[in-house]
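Chain residues, written in single-letter form:
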Amino acid sequence: LLNPNVSVPARPTTYWCSPFKFPVLQNEAHIIRFDPVVQEGHEGLVHHIVMYQLSNAIEPFLDISWDCDNPPHNLPEAVRGYRLAPVLTGWAIGGAGFTLSSNVGLPMSGATGAQYVLMETHYNNEQSSSTLVDSSGMDVYYTTTKRQYDGAIIEVGHFVTNHLLIPPGVGDVDFRNTCPERCTQAGLPPGGVNVFASMLHSHTAGTAVWVEHYRNKTKLPNIDQNFHYD
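Residues numbered from 1 in each chain as written. Predicted model: local features only at pLDDT ≥ 70, side-chain atom pairs only at ≥ 80, totals over all residues. Heavy atoms only, no water.

## Thoughts on the overall build of the chain
Here is step 1 of the chain: The secondary structure content of the chain amounts to 2 helices and 14 strands.
Here is step 2 of the chain: Overall size of the chain, expressed as C-alpha extent along the three principal axes, is 60 × 55 × 35 Å.
Here is step 3 of the chain: Burial statistics for the chain: of 230 residues in total, 33% are counted as buried.
Here is step 4 of the chain: Here the chain has roughly 14,500 Å² of accessible surface; of this, 51% comes from carbon and sulfur atoms.
Here is step 5 of the chain: Separation of charge centres in the chain, based on 12 positive and 21 negative side chains, amounts to 10 Å. (Helix = DSSP H or I, 4+ residues; strand = E, 2+ residues; numbered from the N terminus. Buried < 20%, exposed > 50% of the residue type's maximum accessible area, 1.4 Å probe, protein only. Areas by Shrake-Rupley, 256 points an atom, 1.4 Å probe, with all protein chains shown as cover. Lys, Arg positive; Asp, Glu negative; His and termini not counted. Charge placed at Lys NZ, Arg CZ, Asp CG, Glu CD.)

Given below as structure tokens:
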């Protein structure tokens, strides 16, 4: 799944949206691996790629791509608000591909699996060049032989908004976000889930990122941590 020769806007930051439809299969399949495809020479331009799982509301727009923050006027609200949709996968600069555990797959096609995705590419065009054309994207591997367990992604942390501000003239600032019991009880199965992978992400102002884990008000070892984030 590749961006269609995007003329990257001449500004430092752009989020570009490209929609795709997965192959239509009679039965549900499992996605088992993702590999980033960064166009040669654009290793410093492509900051991250995130795939969001969307509904068939995106079907009429499969032949176009657009600036995520300046979408077509007739784009349905279900697509405009894609950042609230489930994340299927994500990659960021400095990372590699990801292969799921041998007994886990992400549902694709069929009655309940992912059928449509919106690929958001963050371009970091620091020099505001007007001559960059990009076709980066993601390779997606799947199998029609379903594995034992369905996997999924949980996003935790601060949602990026204009209210996420660092006051001028201060030193270190902590931004903390809590997912309380009432959320996990509503969103996770009674028996819980097994976390087998994690990816931390921040932009240039971030210097430390971590995910704490509590059960019955008792703190367990951190799920992930990087106190020297760069």
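## Notes on the pattern of salt bridges
Here is step 1 of the chain: One pass over the structure, following the stated rule, counts 9 salt bridges.
Here is step 2 of the chain: Asp 35 is paired through a salt bridge with Arg 33; the nearest N and O atoms lie 2.8 Å apart.
Here is step 3 of the chain: Overall, Asp 35 belongs to the buried group, its relative accessible area being 15%.
Here is step 4 of the chain: The class of Arg 33 is partly exposed, set by a relative accessible area of 34%. (Salt bridge = Lys/Arg side-chain N within 4 Å of Asp/Glu carboxyl O.)

## Things to note about the sheet that holds strand β5 (residues 66–67)
Strands pair in a sheet through their backbones, by hydrogen bonds, and they do so in one of two ways: parallel or antiparallel.
Here is step 1 of the chain: Taken in spatial order, the 5 strands make up an open sheet running β5-β2-β9-β4-β6, and their pairing is antiparallel. One side of each edge strand has no neighbouring strand; the edge strands of this open sheet are β5 and β6 (87–92).
Here is step 2 of the chain: Pairing between strand β4 (residues 46–54) and strand β9 (residues 116–124): 8 bridges, direction antiparallel. Among the inter-strand pairings, Met 51 is bridged to a residue of β9, identified as Met 119. (Pairing = 2+ DSSP bridges.)

## Side note on unusual backbone geometry
Trans peptide bonds make up the majority, and among non-glycine residues the majority have a negative phi.
Here is step 1 of the chain: If you check the backbone angles, Asn 5 has positive phi at about 50 degrees while not being a glycine.
Here is step 2 of the chain: A relative accessible area of 55% means that Asn 5 is categorised as exposed.

## With respect to the state of the cysteines
Here is step 1 of the chain: Counted by the stated rule, this structure contains 1 disulfide.
Here is step 2 of the chain: Here Cys 17 pairs with Cys 68 through a disulfide, and the sulfurs are 2.1 Å apart. Its torsion about the S-S bond being 120 degrees, the disulfide of Cys 17 and Cys 68 is classed as right-handed. Of this pair, Cys 17 sits in strand β2 (residues 13–21) while Cys 68 sits in the loop between β5 and α1 (77–80), and the two are 51 residues apart along the sequence.
Here is step 3 of the chain: On the accessibility criterion, Cys 68 (8% relative accessible area) is buried.
Here is step 4 of the chain: The thiol of Cys 179 is unpaired, and the distance to the nearest cysteine sulfur, on Cys 183, comes to 4.7 Å. (Disulfide = S-S within 2.5 Å.)

## Considering the nonpolar core
Here is step 1 of the chain: The biggest cluster of nonpolar side chains holds 23 residues, and the ones touching the most others in it are Phe 22, Ile 31, Phe 34, Leu 88, Tyr 123 and Met 138.
Here is step 2 of the chain: Broken down by secondary-structure element, the contributors of at least two residues to this core are β2, β3 (29–37), β4, β6, β8 (104–108) and β9.
Here is step 3 of the chain: If we ignore the near neighbours within four places in the chain, the residues touching Leu 88 are Phe 22, Ile 31, Phe 34, Met 51, Tyr 52, Gln 53, Leu 106, Ala 114, Val 117 and Ile 153.
Here is step 4 of the chain: Core analysis: the next-biggest nonpolar cluster, separate from the first, contains 16 residues, Val 50, Tyr 52, Tyr 82 and Ala 85 among them. (Core = buried A, V, L, I, M, F, W, Y, C linked by side-chain atoms within 4.5 Å. Contact = heavy atoms within 4.5 Å.)

## Description of the environment of His 122
Here is step 1 of the chain: If you trace the backbone, His 122 turns up in strand β9.
Here is step 2 of the chain: Overall, His 122 belongs to the buried group, its relative accessible area being 4%.
Here is step 3 of the chain: For the pair His 122 and Met 108, spaced 14 residues apart in sequence, the C-alpha separation works out to 25 Å.
Here is step 4 of the chain: Contact partners of His 122, with chain neighbours within four places excluded, come to Thr 13, Thr 14, Tyr 15, Leu 45, Val 46, His 47, His 48 and His 203.

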